[in-house]
Amino acid sequence: MTIRLPSAEGVLRTYEPRTEPLPVSPGAPFTSRTVFSAAHVVADPYADVSPDAPAAVDWDATLAFRRHLWSHGLGVAEAMDTAQRGMGLDWAGAAELIRRSAAEAKAVGGRIACGVGTDQMARGSLVEIRAAYEEQLAVVAESGAQAILMASRALAAAARGPDDYLEIYGHLLRQCAGPVILHWLGPMFDPALEGYWGSADPDAATDTFLEVIAAHPDKVDGIKVSLLDARREIDLRRRLPRGVRCYTGDDFHYPELIAGDDQGFSHALLGIFDPLGPLAAQAVRVLDTGDTSGFRALLDPTVALSRHLFQAPTRFYKTGVVLLAWLAGHQTHFTMVGGLQSARSLPHLARAYELADGLGLFPDPKLAEERMKKLLSLYGVIS
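Per chain, the residues get numbers from 1 upward, laid out in the order the sequence is written. Only residues with pLDDT of 70 or above have their local features reported here, since the model is predicted, and side-chain atom pairs are shown and tallied only from 80 upward, although totals for entire chains, interfaces and linings are computed over all residues. Note: side-chain values were computed over all heavy atoms of the structure, leaving out hydrogens and water.

Novice: Help me understand the packing of helix H12 (residues 317–327) against helix H13 (residues 346–359), please; the structure alone is not making it clear to me.
Specialist: Relative orientation and spacing of two packed helices are given, respectively, by the angle between their axes and the distance between those axes. Two elements in contact, H12 and H13, have axes separated by 10 Å at closest approach and are oriented at 55°. On the basis of the axis angle, H12 is oblique to H13. For the pair H12 and H13, the sense of crossing is right-handed. Contact residues: Thr319, Leu323, Leu324 and Leu327 in H12; Leu349, Ala352, Tyr353 and Ala356 in H13. Polarity classes work like this: nonpolar for Ala, Val, Leu, Ile, Met, Phe, Trp, Tyr, Cys and Pro, charged for Asp, Glu, Lys and Arg, and polar for all others, with Gly in that last group. A class-by-class count of the residues in the contact of H12 with H13 yields seven nonpolar, one polar and no charged. To get an axis, fit a line to the C-alpha atoms, keeping to the stretch in contact for a helix; angles then go from 0 to 180 degrees between the N-to-C directions. In this text, helices come from DSSP runs of H or I with a minimum length of four residues, and strands from runs of E with a minimum of two, each type numbered from the N-terminal end. For classification purposes, angles smaller than 35 degrees are called roughly parallel, those larger than 145 roughly antiparallel, those between 65 and 115 roughly perpendicular, and all remaining angles oblique. Should the near helix be turned anticlockwise from the far one by less than a right angle, the crossing is left-handed, and should it be turned clockwise, the crossing is right-handed. Residues count as neighbours in contact if any of their non-hydrogen atoms are within 4.5 Å of one another.

Novice: Help me understand empty space enclosed by the protein in this model?
Specialist: Any space left empty among the atoms is revealed by the rolling of a water-sized probe across them. Here a cavity denotes grid points, spaced 1 Å and computed from the protein atoms alone, that fit a 1.4 Å probe unable to get out, and a pocket denotes an open set having protein on both sides within 12 Å along at least 5 of 7 lines; residues with an atom within 4 Å of a point are the lining. Grid points are joined across faces, edges and corners, and a volume is the space filled by probe spheres set on the points. Scanning the entire structure with this criterion turns up one cavity of 30 Å³ or more. Its boundaries defined by the atoms lining it, the largest cavity holds a volume of some 90 Å³. Taken together, 15 residues line the largest cavity, and the ones lying closest to its centre are Asp81, Thr82, Lys224, Gly271 and Tyr317. Secondary-structure elements contributing two or more residues to the lining of the largest cavity are strand E7 (180–185), strand E8 (220–226) and strand E10 (267–270). Here the residues of the lining of the largest cavity are counted per class, giving eight nonpolar, four polar and three charged.

Novice: Any chance you could explain the state of the cysteines here in plain terms?
Specialist: The bond known as a disulfide is covalent and runs between the sulfur atoms of two cysteines. Disulfide: a pair of cysteine sulfur atoms within 2.5 Å of each other. Tallied over the entire structure, the rule returns zero disulfides. For the unlinked cysteine cysteine 114, the closest cysteine sulfur is that of cysteine 176, found at 13 Å. Three labels apply to residues, based on accessible area from a 1.4 Å probe with only protein chains included: buried if under 20% of the type maximum, exposed if over 50%, partly exposed otherwise in between. Residue cysteine 114 is classed as buried on the basis of its relative accessible area, which comes to 0%. We note that cysteine 246 lacks a disulfide partner, and the nearest cysteine sulfur, in cysteine 176, lies 19 Å from it.

Novice: Help me out: how do you make sense of the sheet that holds E7 in this one?
Specialist: Sheet strands line up and pair through hydrogen bonds in the backbone, either parallel or antiparallel. Spatial ordering of the closed barrel is given by E3-E4-E5-E6-E7-E8-E9-E10, a layout of eight strands whose pairing is parallel. With strand direction ignored, the average angle separating the axes of adjacent strands in the sheet is 25°. By definition, two strands form a pair when at least two bridges between them are found by DSSP. Bridge count for E8 against strand E9 (residues 245–248) is four bridges, and the pairing is parallel. Bridge pairing in E9 places glycine 222 opposite arginine 245. Helix H1 (residues 59–71) contacts strand E3 (35–38), strand E4 (75–78) and strand E5 (112–116) of the sheet and is inclined by roughly 140° relative to E4.

Novice: Where do I start with the pairing of E4 in this structure?
Specialist: Every regular strand shows the same layout, with side chains that alternate between the two sheet faces. Neither face of E4 is left uncovered, since the one carrying Gly75 and Ala77 and the one carrying Val76 and Glu78 both have all their residues buried. Sheet analysis places E3 next to E4, joined by three bridges and oriented parallel. Within E4, the residue paired with alanine 38 across the bridge is alanine 77. As for the winding sense of the linkage, the β-α-β connection from E3 through H1 to E4 is right-handed. Here three bridges tie E4 to E5, and the two strands are oriented parallel to one another. Its bridge partner lying in E5, alanine 77 is registered against alanine 113. When the strands point away from the viewer, a crossover counts as right-handed if the path from the first strand over the helix to the second runs clockwise. Read from E4 through helix H2 (residues 91–108) to E5, the crossover connection turns out right-handed.

Novice: Just checking my understanding: could you explain the layout of surface pockets for this structure?
Specialist: Of the voids in this model, the largest pocket is the one considered here, and its volume is about 440 Å³. Taken together, 26 residues form the lining of the largest pocket, with Arg85, Gly86, Asp119, Arg153 and Asp190 sitting closest to its centre. Secondary structure elements with two or more residues in the lining of the largest pocket: helix H4 (153–158) and E7. Here the lining of the largest pocket is composed, by residue class, of 13 nonpolar, six polar and seven charged.

Below you can see the structure in the form of structure tokens.
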């Protein structure tokens, strides 16, 4: 069987899909790395909502996808950017997602950490921003999940310099009951976060970030770095206090960063591990045996897909993630919160299908092919 796919040049080309998926299966818990997948939400396709209305979520399908990730040994990073926080999913929806997913994690024994931000507001004073963070921290604490202190658009707009970040984060960390994960999300993921930590100079911002951690090392489990700059992440992790983990959020360089070097390595908290879940889990188990070459042999070929999904504008990578979840059979439709299924072009989606199929990511390649042909037909492509 073949399928005709539109290219970026505006022509159709013939592609022959795989007939068998990559053989993967659940295995033993990881021993060498802590690995989270930032998971997407599944929209309710039958809800009569507009793109700017509160999100309508298919809770059964959303929780089923999290059980899929847990079954392979991955932790779930909940209510993060991958779940469309600030891009269709508001705080009320995120709070419900946190409560439901944390309860599900407890029921199945899965690891979960949840995003804490300030998306109750677009802008506010520092006092209001601190209160917004505290409200969300309370929801996560009540759920029994670990907290991930996310970057705040409101704080980026209100802060006058590094001291404001030191004060806000210091206050929050002092009141946290247990160690949290700090998240530095770069402007390539969210342009509103330009100049975070009080400076547009990455070196100065790094110094402020490290000052926050150094003042409260007992309250910081680790840091999640999403800057798409491998060298900066390596330099940063070498400067962390002993016992503070570095979780890579670099969807361009994750194999080398997780593998590490003679001075250390990164753990992982990645959006690309949503579609790569089973394959990524298999690779980490190989790494657990000390076989770095085998780990790289499994994971390096996935970088082309990740770079494609996360190409600029990077914030729209979620469209490709949800497409692949639909093609893989994890949901029955290609509908997204906020209507973001329209955020990528047809050639982009076709290339995502081709790259994912080439990796053997689809448990049922025939189903994926049939669904891709249906999508193409909606655009007038006869395959």
